[in-house]
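# Remarks on the overall topology
If you want the building blocks of each chain, they are given just below.
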Amino acid sequence: MKRSFFGFIKPKLTYEPITDTQAEPVYIQAPQKIRFLLDTPVDRSGDLKLSVGDQVKNGQRIQVTADAKDYALASKVGKITDISPFIGMMQAKMTAVTVAVDAEANKAVDDEFKEQSQTPSLEVAQRFLHALPGKPDFSPFFDSDKQIKAIVVLGVDRDLLSITNQFFVKTGIESIKTGIDILRKITGIHNVVLAVPESLVQVAGASEAGVKTVDSEYPAAHPQLIVRHVLADEIKAGDADGNADVAFFSAEAVSAMGAAFNTGQLPMNKLITLISKNGNKRLVCATIGTPLRDILNRFNETVQDGDRVIFGGPMTGVSVYTLDHPVQPDTDTIMIQDRTQIPERLDVACINCGECVRICPVNIPVNVLVRLLEAEHYEEAEANAELGACIECGLCEFVCESRIPIFQHIKLAKHSLEVMKAEESNA
Ligand code: SF4
Ligand code: SF4
């Protein structure tokens, strides 16, 4: 990181461009156990749809209860050996389902999707494809408050150091084109844009989508900033946030969708950028549900007390607390950080230096915001300090002279407001 001697010049963080010499991904051997995390808490209802001892087949939907909206897709054949409560981010009550893999019966495929893939539709996609690699989100198309006018395929990576989506554009543009054709067919939306870094513009042309270049300076690849700065002329966004009329899909998700509808089989291998303690970076391909431990063992990576393993990139990722944490459909990056590399958190009072305000890409008065958040005045932060406009890029925390964990305060505040609103609405 290069920081200027002059406080009024912003530091520059740039995305990692994929190189022509990028090695092929390393495939992780099929694990003996796979694990799925589901948002529905296991103790929420007595109406459980799963039991220990149940057999699952490749591609079978795994739901905690029949009415649960979230689901996982079994990525291997096997038997459920454990169903336990799991504490996620912000103490979210979740469920972890563990499956002992039956390597002998590896080819058994659940037929439900195969039958329905003959007639591609948004409903079929919503029911079966949400847990594919890249975690495609079809919910905007079912939201009556939104009029989706365009689809943006992200051939860029949202956080620093990751090259996962760029790899798909570089090596698999044909499968992305297939996925875009399917998306056009099931949504009826023909305005599809593929957003890529400068180095991939030429190869992206083969997708037959509109190709747009995204700046290399972080956080230009954030979806809301892409709409605001790159697509402003093409897409007339419908609200002040600038993203209400656009649906986003990662290049990996689009590629997986195309393969799913073309073959009737659900691809379950996730591509991950793995960053070792020494900074070495490699692409890894692992079955969704593979425990972190299996990936670390493959590369002889050790994790000691005080080290961190971060799922997501260095700016926006979250550290996980168990080596059993599984690869999830949206795990683009795993980063291992030695305890000696972890910056000390001071958490002293704000000195009003203004660095956070100068760097914020959406012009939030962060110095005011942080005071309200530290005092847990979340509603006031939302009403008077533009908490809702924050795109969660993490830059303010990165430059904070007092090393205040601003990003964590923001995440906690947004989560607390969501919980408060849900409780009010239930009441
Ligand atoms: S994380 Fe900080 S810098 Fe980024 S948008 Fe939010 S307030 Fe601004
Ligand atoms: S929150 Fe941090 S960066 Fe922002 S004004 Fe205060 S000390 Fe400076």
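Structural data are supplied above this passage.
What you are looking at is a predicted structure, and each value in this text was computed from that prediction instead of being measured.

Taken together, Cys360, Pro361, Val362, Ile364, Val366, Cys390, Ile391, Glu392, Cys393, Gly394, Cys396 and Ile410 make up the full set of residues adjacent to ligand 1. For the shell around ligand 1, the per-class residue count stands at 10 nonpolar, 1 polar and 1 charged.

What follows deals with the environment of Ala74. As for its position among the elements, Ala74 is in the loop between strand S5 (72-73) and strand S6 (78-87). By relative accessible area, Ala74 is classed as buried at 0%. When the C-alpha atoms of Ala74 and Val99 are compared, they prove to be 8.7 Å apart, with 25 residues separating the residues in sequence.

The computed volume of the second largest pocket comes to approximately 630 Å³. What lines the second largest pocket is a set of 33 residues, among which Pro133, Leu266, Pro267, Met268 and Asn269 lie closest to the centre. Among the elements that line the lining of the second largest pocket, the one with the most residues is helix H7 (residues 251-263), at 5 residues. Of the residues contributing to the lining of the second largest pocket, the split by class is 15 nonpolar, 12 polar and 6 charged.

This paragraph deals with the pairing of strand S14 (residues 308-311). Relative to strand S16 (residues 333-337), S14 runs antiparallel, the two being bridged by 4 bridges. Counted as the bridge partner of Phe311 is Ile334 from S16. With 2 bridges joining them, S14 and strand S15 (residues 318-319) adopt antiparallel strand pairing. Along S15, the bridge assignment pairs Ile310 with Ser319.

This brings us to the pairing of S6. Strand residues, when the strand is regular, have side chains that alternate between the two faces of the sheet. As defined by bridge partners, strand S3 (residues 55-56) adjoins S6 across 2 bridges and the pair is classed as antiparallel. The residue of S6 that forms the bridge with Gln55 is Lys79. As defined by bridge partners, S6 adjoins strand S7 (residues 93-101) across 9 bridges and the pair is classed as antiparallel. Across the sheet, Ile87 pairs through a bridge with Lys93, a residue of S7. Hairpin connection between S6 and S7: a loop of 5 residues separates the two successive antiparallel strands, and Met90 in this loop has a positive phi of roughly 55 degrees.

As a further point, take the sheet that holds strand S8 (residues 150-154). With parallel pairing, the 4 strands of this open sheet are ordered in space as S10-S9-S8-S11. With partners counted over all chains shown, the strands left at the sheet margins are strand S10 (210-214) and strand S11 (246-250), one partner each. Direction aside, the axes of adjacent strands within the sheet are offset by 30 degrees on average. Alignment of strand S9 (residues 192-197) against S10, held across 5 bridges, turns out to be parallel. Across the sheet, the residue bridging to Leu194 is Val211, located in S10.

Attention now goes to the nonpolar core. Where a protein is soluble and globular, its nonpolar side chains tend to be buried together. One finds Leu129, Phe141 and Phe249 to be the most contacted residues of the largest nonpolar core, which totals 47 residues. Elements with a minimum of two residues in this core: helix H2 (122-128), S8, helix H3 (164-171), helix H4 (173-187), S9, S11, H7 and strand S13 (281-287). Summarising the domain contributions, this core has at least three residues from each of domain 2 (120-263) and domain 3 (271-341). Judged by nonpolar contacts, the second largest core, of 44 residues, contains Val214, Cys396, Cys400 and Ala413.

One can find Gly258 in helix H7. When its relative accessible area of 2% is taken as the criterion, Gly258 is described as buried. Distance in space between the C-alpha atoms of Gly258 and Lys177 is 8.1 Å, their sequence separation being 81 residues. Sequence-distant contacts of Gly258, that is, excluding residues within four places in its chain, are made with Thr178, Gly179 and Ile182.

Evaluated as defined, the whole model comprises 14 salt bridges. Asp338 is the salt-bridge partner of Lys277, the closest N and O atoms lying 3.7 Å from each other. In this pair, Lys277 is assigned in the loop between strand S12 (269-275) and S13 and Asp338 in the loop between S16 and helix H9 (355-359), connecting sequence segments 61 residues apart. Among the residues examined, Lys277 registers a relative accessible area of 17% and is labelled buried. We note a salt bridge from Lys414 to Glu392, for which the minimum N-O separation is 3.0 Å. Within this pair, whereas Lys414 is found in helix H13 (residues 406-426), its partner Glu392 is found in the loop between helix H11 (378-384) and helix H12 (395-399), the two being separated by 22 residues in sequence. Through salt bridges with shared partners, a single ionic network connects Lys177, Asp181 and Glu208.

Each value, and the rule that gives it
Positions within a chain are numbered from 1, following the residues in the order the chain's sequence is written. All chains are assigned letters beginning at A, and all ligands numbers beginning at 1, according to the order in which they are written. Note on the predicted model: pLDDT of at least 70 is required for a residue's local features to be given, and 80 or more for side-chain atom pairs to be given and counted; whole-chain, interface and lining totals, by contrast, use all residues. Hydrogens are left out, water is left out, and the side-chain values use all remaining heavy atoms of the structure. Nearness is judged by heavy atoms alone; a residue qualifies as near a molecule or strand once a single heavy atom is within 4 Å of it. In this classification, the charged set is Asp, Glu, Lys and Arg, the nonpolar set is Ala, Val, Leu, Ile, Met, Phe, Trp, Tyr, Cys and Pro, and all remaining amino acids, among them Gly, are polar. Only DSSP runs of H or I with at least four residues qualify as helices, and only runs of E with at least two residues qualify as strands; both kinds are numbered from the N terminus onward. To sort residues, take the accessible area from a 1.4 Å probe on protein chains only and compare it with the maximum for the residue type: under 20% means buried, over 50% means exposed, and anything in between is partly exposed. Put plainly, a pocket is an open set of points on a 1 Å grid over the protein atoms alone with protein on both sides within 12 Å along at least five of seven lines, a cavity is a set where a 1.4 Å probe fits but cannot get out, and a lining residue has an atom within 4 Å of a point. Grid points are joined across faces, edges and corners, and a volume is the space filled by probe spheres set on the points. At least two DSSP bridges between two strands are required for those strands to pair. Under this scheme, a helix contributes an axis fitted over its contacting stretch, all axes are lines through C-alpha atoms, and angles between N-to-C directions fall in the 0 to 180 degree range. Nine residue types can take part in a nonpolar core, namely buried Ala, Val, Leu, Ile, Met, Phe, Trp, Tyr and Cys, and a core is a set of them joined through side-chain atoms within 4.5 Å. Source of the domain bounds: an automatic or database domain assignment. It only takes one pair of heavy atoms within 4.5 Å for two residues to be counted as in contact. The term salt bridge refers to a pairing of a side-chain nitrogen on Lys or Arg with a carboxyl oxygen on Asp or Glu at a separation within 4 Å.

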